[in-house]
Amino acid sequence: MRVQAQIEVAAPPEAVWEFVIDPARYLHFMAGVTRWEVAGALATGMGARYRTLMRVGSAEVGGLVEIVEWDEGCDLAWTSVTGVDQRGRWRLRAGPDDRTQVQLRLAYGVAGSGLLGWVAEQVAAPTVRGHLRRSLQQLKRQVEHERLRRQAAQRRSERGVSGAGTSASPSGS
Amino acid sequence: MSATATRNGHSANPVGDGSLRRDDEDDPETDSGGSLPGRLLRALAGQISSRVPPADLDERDPDYIRESLPGLWLLSSLYFRGEVRGLGNIPEEGPVLLVGNHSGGNLTPDTTVLTLAFHAYFGVERPFYQLAHNLVLSMPGLSFLRKFGTVAASPANAEKALRSGAALLVYPGGDYEVHRPSWHSHRVEFAGRRGFIRLALEHDVPIVPVVSIGGQETALFLSRGETLSRLLGLDRLLRLKVLPISIAAPWGLNIGDFLGHIPLPAKITVEALPAIRLRDEFGPEPDVDEAYEHVLRLMQETLDALAAERRLPIIG
């Protein structure tokens, strides 16, 4: 079963990328995710592994995943090593006016589980889709907020510089 | 769904019930009579015992469990609306003794919900065994339980599982607790069985109490039927200390619960408590009774809190 969600973020792809490659941020913006821990020496990048869990129905489902695709600023994909079969992907595409189209895909299932597996995937789909949608909304809010903070900090710093210049030349006014 | 059966324990608990009882705990009578019915019943008990496979931890099949998870998830999520809390309290690795209260007659939904949650959380790669009554393991059609890691309840099997570094789930209350009357739903009733404390001390493993609620709402449990069992002589002949009486689907009046029943879809909530390391809490030589009372008190307090959250029976 594959579910996906997308959203437009008012920030350039680099700003979004900064969030999606940082495992420490996942618990803050990924809805339903109860665990996203680094497993191994590599914290991020190709080959990095994470222990993940997402609450779906009566269980926290997940397992060990590994990053298998890393296209800087564009695509990041992971696949399961243990646990429920899953393949996830972040897809970032630059839009006009410094905006980014963000897509989050998750394919999941349990190979060999037959008809019950198929039914379970269908039943779980609305919950998983809801998690993905809320995750993207939270990601958008956090990225845009972070961008505003940085812009504000830059403005403060510029004002501080110009203010210092003004005080240095009191006769200039 | 896992199951428990009516009690049939005897010396060294060869027909175990998940409770790890010792001989001296509460099985005073062992004489089974010499009449024809007595001999027949003894022969039946012998047949049952002979059907119980020897414990082989290797029968646990991670691939089978993994492929069964979606079905368990559907049952647990849709039918029992299972909710499991505190799995993070279970140590990430190494042997651990999970001690649970048990409810629901011979069909115990709390075990179903916990088994799914454990495997989904830690992965099917982590060895996890459950002790069950020998009658359960000898029943035709329930052999799949062995693939889930269910082994006959005995101190030897418990030791084997813990020595292998696995997580082991035991239900000290066993059949005494699963058949308690519905008005005892919110009580932890271990009947004084302290075997799990000795086991934890012997292997120096942490105990994680696992408290569940809702299972005793899956039927109307009227009585353990201890008197009935005694009057019929079943306690002497078959060592059946309980002959439970309940009102359950689809039978109506259900005596013995030998064929199981259709559980009502009660909401099941399970909570794992922080691990207890007995020697850290009670010193190098803990007193078994004190440790037992401590675990029991913590579990009862948690069950009281879960009961207080519950607004309506079955609905939760």
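Model, not experiment: these values are computed from the prediction.

Of regular secondary structure, chain B possesses 13 helices and 10 strands. Residues classed as buried in chain B amount to 51% of the 316 residues present. Restricting to contacts in chain B with at least 6 residues of sequence separation, those with at least 24 account for 78%.

What follows covers the sheet that holds strand β9 (residues 252-255) of chain B. Residues and elements named next belong to chain B. Ordered by their spatial adjacency, 3 strands build an open sheet running β7-β8-β9, and the pairing between neighbours is antiparallel. Only two strands of the sheet have a single partner each, and these edge strands are β7 (220-223) and β9. Going from strand to strand, the sheet's axes swing by 25° on average, the running direction of each strand aside. Note that β7 and strand β8 (residues 245-248) share 3 bridges and pair antiparallel. Looking at the pairing, F221 lines up with S246 of β8.

A few words on helix α13 (residues 288-309) of chain B. All names here are of chain B. Taking 1.5 Å per residue as the helical rise, α13 with its 22 residues ought to reach 32 Å, and the 32 Å between its terminal C-alpha atoms agrees with that figure. When we look at burial in α13, the residues that qualify are A291, Y292, V295, M299, T302 and L306. Projected onto a plane normal to the axis of α13, the buried residues spread over an arc of 105° and lie on a single side. Facing away from the buried side of α13 by over 90 degrees, the exposed positions are D289, R297, A305 and A308.

Turning our attention to the interface of chain B and chain A. Taken residue by residue, the interface counts 20 residues in chain B and 17 residues in chain A. Secondary structure elements with two or more residues in the side of chain B that touches chain A: α3 (62-79), β1 (83-85) and α4 (109-122) of chain B. By residue number, the principal contributor to the side of chain B that touches chain A is α3(B), which donates 9 residues.

This part takes up the nonpolar core. All names here are of chain B. Residues L97, L98, A117, L168 and V170 are the most contacted members of the largest nonpolar core, which totals 92 residues. Ranked by residue count, the leading element in this core is α4, at 8 residues. Residues Y176, L240, V242 and L243 belong to the second largest nonpolar core, which totals 6 residues.

As a further point, take the confidence of the model for chain B. Residue and element names in this part refer to chain B. Across chain B, pLDDT averages 86, with 83% of residues at or above 70. Here residues 1-17 scores under 50 on pLDDT; set against residues more than four positions off or in separate chains, the count is 84 contacts. Ignoring residues within four places in sequence, the model shows residues 26-33, a span with pLDDT below 50, making 18 contacts including any to other chains. The ipTM value of the predicted complex is 0.86, and its pTM value is 0.86.

We now examine the environment of P286(B). Inspection of the secondary structure puts P286(B) in the loop between α12 (278-282) and α13. Those residues in contact with P286(B), other than ones at most four positions away along the chain, are L201(B), L278(B), R279(B) and A291(B).

Our focus in this paragraph is the pairing of strand β4 (residues 59-71) of chain A. Residues and elements named next belong to chain A. Of the pairings in the sheet, the one linking strand β3 (residues 49-56) to β4 comprises 8 bridges and is antiparallel in character. Note that in β4 the partner of R51 across the bridge is L64. Strand direction decides the pairing type here: β4 and strand β5 (residues 75-80), joined by 6 bridges, are antiparallel. The residue bridging E66 from the neighbouring strand is T79, located in β5. Joining the antiparallel neighbours β4 and β5 is a turn of 3 residues, in which G73 adopts a positive phi near 75°.

What follows deals with the environment of R129(A). You can see R129(A) is positioned in helix α3 (residues 114-168). Spatially, the C-alpha atom of R129(A) lies 12 Å from that of R55(A), the residues being 74 residues apart in sequence.

Right, let's get into the sheet that holds β1(B). Strand pairing in a sheet is mediated by backbone hydrogen bonds. Such pairs are either parallel or antiparallel. All names here are of chain B. One open sheet accounts for 7 strands, arranged β1-β10-β6-β2-β5-β3-β4; its pairing is mixed. A strand with exactly one partner marks an edge of an open sheet, and here the two such strands are β1 and β4 (150-152). Put simply, the sheet's adjacent strands are angled 25° from each other on average, direction ignored. In terms of strand pairing, strand β2 (residues 96-100) meets strand β5 (residues 167-170) through 4 bridges, oriented parallel. Within the sheet, the bridge partner assigned to L98 lies in β5 and is L169. Packed onto the sheet, helix α7 (residues 155-163) meets β3 (128-132), β4 and β5 and runs at close to 150° relative to β5.

This part is about the packing of α3(B) against α4(B). All names here are of chain B. Packing of α3 against α4 leaves a shortest axis separation of 10 Å and a crossing angle of 130°. With respect to α4, the axis of α3 lies oblique. Judged by the twist between their axes, the crossing of α3 over α4 is left-handed. Here I65, L69, L72, W73, L75 and S76 of α3 come into contact with α4, specifically with T112, V113, T115, L116, H119 and A120. Taken together, the residues of the contact of α3 with α4 sort by class into 8 nonpolar, 4 polar and no charged.

All names here are of chain B. Covered by surrounding structure in β5 are A167 and L169 together with L168 and V170, the residues of both alternating faces. As paired elements, β3 and β5 share 3 bridges and run parallel to each other. Bridge pairing links F128 to A167 in β5.

So, on to unusual backbone geometry. Residue P250(B) is reached from A249(B) by a cis peptide bond, and omega for that bond is -5°. Structurally, P250(B) is set in the loop between β8 and β9. Even without being a glycine, D97(A) presents a positive backbone phi close to 55°. Topologically, D97(A) is positioned in the loop between β6 (85-94) and β7 (100-109). The class of D97(A) is exposed, set by 6 C-beta atoms lying within 10 Å. Within the chain, A191(B) stands out as a residue other than glycine whose phi angle is a positive 55°. Relative to the assigned elements, A191(B) resides in the loop between α8 (174-178) and α9 (195-203). The partly exposed category is assigned to A191(B), around which 16 C-beta atoms lie within 10 Å.

What counts and what doesn't
- Sequence order sets the numbering: in each chain, residues are counted from 1 along the sequence as written.
- Lettering of chains starts at A and numbering of ligands starts at 1, both following the order in which they are written.
- The predicted nature of this model means local features are confined to residues of pLDDT at least 70 and side-chain atom pairs, given and counted, to a pLDDT of 80 or more, with totals for whole chains, interfaces and linings taken over all residues.
- Strands here are runs of E lasting at least two residues and helices are runs of H or I lasting at least four, both read from the DSSP assignment and numbered beginning at the N terminus.
- Three exposure classes are used, all based on how many other C-beta atoms lie within 10 Å of a residue's own C-beta (placed from the backbone): buried at 20 or more, exposed at 12 or fewer, and partly exposed between those limits.
- Here the contact rule is simple: place C-beta atoms from the backbone, and any two residues whose C-beta atoms are within 7 Å are in contact.
- Strand pairing is assigned whenever DSSP detects at least two bridges linking the two strands.
- Think of each axis as a best-fit line through the C-alpha atoms, taken over the contacting stretch in the case of a helix, with angles from 0 to 180 degrees between the N-to-C directions.
- Helix span is expected to be 1.5 Å times the residue number reduced by one.
- Arc, as used here, means the arc of the directions from the helix axis to the C-beta atoms.
- Among buried residues, those of type Ala, Val, Leu, Ile, Met, Phe, Trp, Tyr and Cys that are joined through C-beta atoms within 7 Å form a set called a nonpolar core.
- Scored from 0 to 100, pLDDT records how confident the predictor is in each individual residue.
- The cut-offs work like this: below 35 degrees is roughly parallel, past 145 is roughly antiparallel, 65 to 115 is roughly perpendicular, and the gaps in between are oblique.
- The sense of a crossing depends on the near helix, which, turned anticlockwise from the far helix by less than a right angle, makes the crossing left-handed and, turned clockwise, makes it right-handed.
- Under this grouping Gly is polar, as are all residues other than the nonpolar Ala, Val, Leu, Ile, Met, Phe, Trp, Tyr, Cys and Pro and the charged Asp, Glu, Lys and Arg.

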